[in-house]
Amino acid sequence: MKLVMAVIKPFKLEEVREALTGLGVQGLTASEVKGFGRQKGQTEIYRGAEYAVNFLPKVRIEVVVDDTQADSVVETVQRSAQTGRIGDGKIFVIDVTSAVRIRTGESGPDAL
């Protein structure tokens, strides 16, 4: 099993969710986060004063899938989250050693 974790622009969340649902992904977790990468934040003007915003709003999505689905999930997230502009985000793939469904006690890929 693999954990596919992606940090994307907030307005792309629904598009990514729809694309993953179409791929057969049955669930995902989304969290509102803040961060910065190469863009190093941005400056904004509020009531005539300029402010440096060092942390930009992002959304982190997490999906645990079978090993065979991981590559297609990564490609789907990349394609649906891409705007072609700086700050599109990152995707990380992490090995998952076990998973347990709390309600039934199923474990491994059956728990997904």
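Residues numbered from 1 in each chain as written. Predicted model: local features only at pLDDT ≥ 70, side-chain atom pairs only at ≥ 80, totals over all residues. Heavy atoms only, no water.

## Section: the side chain of Lys58
Test applied: Under the DSSP-based scheme used, a helix requires at least four consecutive residues in state H or I and a strand at least two consecutive residues in state E, with every element numbered from the N terminus. Here a polar contact means two N or O atoms within 3.5 Å. Within protein one must be a hydrogen donor candidate and the other an acceptor candidate, and residues neighboring in sequence count only if both atoms are side-chain atoms.
Looking at where Lys58 falls in the secondary structure, it is placed in strand β5 (residues 56–65). Among the polar contacts listed, one links the side chain of Lys58 to the backbone oxygen of Gly87, at a separation of 2.7 Å.

## As for the nonpolar core
Put simply, the test is: Throughout this description, the term nonpolar core refers to a set of buried Ala, Val, Leu, Ile, Met, Phe, Trp, Tyr and Cys residues connected via side-chain atoms within 4.5 Å. Note on classification: 1.4 Å probe, protein chains only; a residue is buried when its accessible area is under 20% of the maximum for its type, exposed when over 50%, partly exposed between these limits. Pairs of residues are marked as contacts when any of their non-hydrogen atoms sit within 4.5 Å.
Counting 15 residues, the largest nonpolar core has Val16, Leu20, Ile61, Val65, Val73 and Val77 as the members making the most contacts within it. When contributions to this core are tallied by element, the ones reaching two or more residues are β1 (2–8), α1 (13–23), β5 and α2 (70–81). In this view, Val77 contacts Ala6, Val16, Leu20, Ile61 and Ile91; residues no more than four positions away in its chain are not counted.

## Quick word on α2
Note: α-helices contain 3.6 residues per turn, so residues at a spacing of three or four share the same orientation. Using the following cut-off: Multiplying one less than the number of residues by 1.5 Å gives the expected span of a helix.
Taking 1.5 Å of rise per residue, 12 residues should cover 16 Å, and α2 covers 16 Å from first to last C-alpha, within 8% of that figure. Packing partners of the buried residues in α2 comprise β1, α1, β5 and β6 (89–95).

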